[in-house]
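What follows is the residue order along each chain.
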Amino acid sequence: MNLIQWGWNASFEQQFEKINNDGSCLPARVIYAQRQRYRVVSGEGVFSARVSGRYLYLAGSSADFPTAGDWVGVRIDREDTSAKNVAVIHFTIPRRSWLSRKVAGDRIEEQLICANIDRVFLVAGLDRDFNPRRIERYLSAIFEGGAEPVIVLNKIDLCGDLESRMAEVGTVAFDLPVICTNGRSGAGLEQLDPYLQQGTTVAFVGSSGVGKSTIINQLLGRNVQATRGLRSDGKGRHTTSHRELFQIPGQGMVIDNPGMRELQLWAHEERLADTFAEIEYLAEQCRFSDCGHENEPGCAVQREVSAGNIDPKRLSSYLKQKRELELLSATDKLTSQERYNLRRQESRRWHKMIRDRFKDKY
Ligand SMILES: Nc1nc2c(ncn2[C@@H]2O[C@H](COP(=O)(O)OP(=O)(O)O)[C@@H](O)[C@H]2O)c(=O)[nH]1
Ligand SMILES: [Mg+2]
Ligand SMILES: [Zn+2]
């Protein structure tokens, strides 16, 4: 098995060698994860896998466990007398990027969705369910994890007024790539090709029912993920309970994700400067440095809202995310500092690029 095809590169190798100093482990990539059952691909083939007892003992939180897309160090258990050998995972290489969310409910805990992804296809439906506020939430989560977002507007056949939809998307996407598709017929999917080069990994996110599995099936050219019809009340019922990484023949890899009604954010407050770059940019011009952008005098953000340049719904979405993330960070349980620092170096580059977009606009 050629691991380069699975995304292995010099930088992962260097990290791997550092941890694997006694040379006892082989590199492998997690291609399936459900609870604590895994499947990995290594140079010697595909194996079922579990973590070692020591790994289990050292893991502090659920985010420390391997997830789909992780690069890990394994030993193949040759003692296993059954026909199928089992790989034992001894360590995980630091993640270069990831996607995570807060677990549902009141618990303050990070739930990893997938790791080491180059890109995220943020899929939204152009049907009646279309909602730019939801796109903003996904963008914050994607920026936090350091992958590149590509916005995929699916169900173009159900869209009556594409022009006004595109204008709406423009107010949240700015110069991020936006691609329109019809998952059912496959029309427009060729525009995804430049983002799916061999060796790259792409995660799909978006609400349930927007067409993620349908698009993946089209890309794979065969039905590996079950897609089911919508319930009569219009809500999607298809849920993908596990995460699996697939190779698209001749192209990159894709990870489908369970749909969620609402994404619970797991991010640092600074991520808002990526998703809402123009608002944070304007905020610096407010008269008061602690301006709440609601009814304070001299508020530069409200000025642009009154002038019709910023949708008031976008401002409330910003304020809502801000309150949410303030609550999260107040608990002081956000992602481990080490992992975060690693990520910061990447995000500074992003941040500059994103801010540059607004220099001439406001
Ligand atoms: N009209 C239309 N229906 C689509 C399109 N893409 C997907 N669907 C349908 O939408 C439903 C949900 O799709 P699915 O892929 O399961 O959504 P997922 O929950 O995001 O994985 C299925 O009935 C699909 O056939 C599209 O472009 N146009
Ligand atoms: Mg699905
Ligand atoms: Zn203000």
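Here the residue index of a chain counts from 1 through its sequence in written order. Both sets of labels track the order of writing: A upward for chains, 1 upward for ligands. Per-residue local features are limited, in this predicted model, to residues with pLDDT of at least 70; the limit for side-chain atom pairs, both in listing and counting, is 80 or more; totals at the level of whole chains, interfaces and linings are taken over all residues.

> Please give an account of the overall build of the protein chain that cites residues and values.
Comment: elements are numbered from the N terminus, with helices defined as DSSP H or I runs of at least four residues and strands as E runs of at least two. Of regular secondary structure, the protein chain possesses ten helices and 13 strands. Every one of the 362 residues in the protein chain was classed for burial, and the buried ones make up 38%. Any two residues are considered in contact once their C-beta atoms, placed from the backbone, lie within 7 Å. Of all intrachain contacts in the protein chain linking residues separated by at least 6 positions in sequence, the fraction that spans at least 24 positions is 68%. The burial criterion counts other C-beta atoms lying within 10 Å of a residue's C-beta, which is placed from the backbone; the residue is buried at 20 or more, exposed at 12 or fewer, and partly exposed between these limits.

> Describe in detail the packing of helix α3 (residues 132-145) against helix α4 (residues 162-173), supporting the description with residues and values.
Axis definition: a line fit to C-alpha positions, over the contact stretch in the case of helices; interaxial angles, taken between N-to-C directions, run 0 to 180 degrees. Interhelical geometry of α3 versus α4 gives an angle of 30° and a closest axis separation of 10 Å. Relative to α4, the element α3 lies roughly parallel. Helix-helix and strand crossings are classified by hand; for α3 and α4 the assignment is right-handed. Mapping the contact onto sequence places Pro132, Ile135 and Glu136 in α3 and Glu168, Val169, Thr171 and Val172 in α4. Residues that form the contact of α3 with α4 fall into these classes: four nonpolar, one polar and two charged. Orientation is classified from the angle alone, with under 35 degrees giving roughly parallel, over 145 giving roughly antiparallel, 65 to 115 giving roughly perpendicular, and any other angle giving oblique. Less than a right angle of anticlockwise turn of the near helix away from the far helix marks a crossing as left-handed, whereas a clockwise turn marks it as right-handed. Put simply, Ala, Val, Leu, Ile, Met, Phe, Trp, Tyr, Cys and Pro go in the nonpolar bin, Asp, Glu, Lys and Arg in the charged bin, and everything else, Gly too, in the polar bin.

> Any details on the nonpolar core? Residues and values, ideally.
Of all hydrophobic cores here, the largest spans 74 residues; its most connected members are Val40, Leu99 and Leu122. Among the elements that line this core, the one with the most residues is α3, at six residues. The term nonpolar core means buried Ala, Val, Leu, Ile, Met, Phe, Trp, Tyr and Cys residues held together as one set by C-beta atoms within 7 Å.

> Explain helix α5 (residues 212-220) to me, using residue names and the numbers behind them.
Of all nine residues that make up α5, seven are buried, and the element is covered over most of its length. When we look at burial in α5, the residues that qualify are Lys212, Ser213, Thr214, Ile215, Ile216, Asn217 and Leu219. Among the structural elements, β8 (119-125), β9 (148-154), β11 (201-205) and β13 (253-255) are those in contact with the buried residues of α5. With its phi angle positive at about 70°, glycine 221 sits one or two positions after the end of α5.

> Hey, could you go over the pairing of strand β1 (residues 26-34) for me, with residue numbers and the actual values?
Residues in a regular strand point their side chains to alternate faces of the sheet. With four bridges connecting them, β1 and strand β4 (residues 71-77) associate as antiparallel partners. Residue pairing across strands places alanine 28 opposite valine 72, the latter belonging to β4. We treat two strands as partners when DSSP finds at least two bridges between them. In this sheet, strand β2 (residues 37-42) lies alongside β1 in antiparallel orientation, the contact comprising six bridges. Bridged to alanine 33 within β2 is tyrosine 38. The turn joining β1 and β2, which pair antiparallel and follow one another in sequence, is formed by two residues; a positive phi near 50° is taken by arginine 35.

> Before we move on, could you go through the pairing of β9 and cite the residues and values that matter?
Within β9, six of the seven residues are buried, which leaves it mostly tucked inside the rest of the structure. Across seven bridges, the pairing between β8 and β9 is parallel. Opposite valine 123, over in β9, you have valine 152 as the bridge partner. As a crossover connection, the stretch from β8 through α3 into β9 is right-handed. Here β9 runs beside strand β10 (residues 178-180); their pairing, made up of three bridges, is parallel. Bridging across to β10, valine 152 finds its partner in isoleucine 179. Crossovers are marked right-handed if the path from the first strand over the helix to the second runs clockwise, as seen with the strands pointing away from the viewer.

> Any details on the confidence of the model for the protein chain? Residues and values, ideally.
Per residue, pLDDT measures the predictor's confidence, with a range of 0 to 100. Chain-level pLDDT for the protein chain is 85 on average; 83% of the residues reach the 70-or-more range. The element-level mean pLDDT for the protein chain is lowest in helix α10 (residues 337-356), coming to 56, with β10 highest at 97. Below pLDDT 50 for its whole length, residues 226-239 participates in 18 contacts with residues either more than four positions away or in separate chains.

> A description of unusual backbone geometry should follow, citing residues and the corresponding values.
Unlike most non-glycine residues, phenylalanine 174 shows phi in positive territory, near 50°. The residue phenylalanine 174 is located in the loop between α4 and β10 in this model. For phenylalanine 174, a count of 14 C-beta atoms within 10 Å gives the class partly exposed. A positive phi angle, near 55°, is found at histidine 293, a position not held by glycine.

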